[in-house]
Amino acid sequence: MIIVAGHLIVDPDVRAEYLAGCADAVRAARAAPGCLDFALGADLLDPARVNVLERWTTPEALTAFRGDGPDDGQLRAIRGFAIEEFTVPPR
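About the thresholds
Residues numbered from 1 in each chain as written. Predicted model: local features only at pLDDT ≥ 70, side-chain atom pairs only at ≥ 80, totals over all residues. Heavy atoms only, no water. Core = buried A, V, L, I, M, F, W, Y, C linked by side-chain atoms within 4.5 Å. Buried < 20%, exposed > 50% of the residue type's maximum accessible area, 1.4 Å probe, protein only. Helix = DSSP H or I, 4+ residues; strand = E, 2+ residues; numbered from the N terminus. Contact = heavy atoms within 4.5 Å. Polar contact = N/O pair within 3.5 Å; in protein donor to acceptor, adjacent residues only side chain to side chain.

### A short note on the nonpolar core
- Grouped together as the largest cluster of nonpolar side chains are 10 residues: Ile 2, Val 4, Val 26, Ala 29, Ala 32, Cys 35, Phe 38, Trp 56, Ala 61 and Leu 62.
- For this core, the secondary-structure elements that each account for two or more residues are strand S1 (2-10), helix H2 (23-31), strand S2 (35-42) and helix H3 (59-66).
- If we ignore the near neighbours within four places in the chain, the residues touching Ala 61 are Pro 33, Gly 34 and Trp 56.
- The next biggest cluster of nonpolar side chains, apart from the first, holds 8 residues, and it includes Leu 8, Cys 22, Val 50 and Ile 78.

Have a look at this one:
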């Protein structure tokens, strides 16, 4: 299993709009083959932070979904990020 976890930083005044604009991407990810979970959410303490958590069955499933990544509008809104990818060995 692949776990992607971390956070994005966006301007606090556009965070709600940014998250609303991600709804289609979240729906698409959750429907994608190999997606076990995909969530983006507003941080409870930091008004600029968007928390990220993804779980995928394989690296190939993650790569197939990612394609070219976020659209230009989403990229422009991101001011910083700290995202890591972890591989969890099968039990």
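### So, the environment of Arg 49
- Here Arg 49 lies in strand S3 (residues 49-56).
- Using a relative accessible area of 26% as the deciding quantity, one classes Arg 49 as partly exposed.
- Setting aside residues up to four positions removed in sequence, Arg 49 forms contacts with His 7, Leu 8, Ile 9, Arg 15, Gly 41, Ala 42 and Asp 43.
- Among the polar contacts made by the side chain of Arg 49, one reaches the side chain of Asn 51 at a distance of 2.8 Å.

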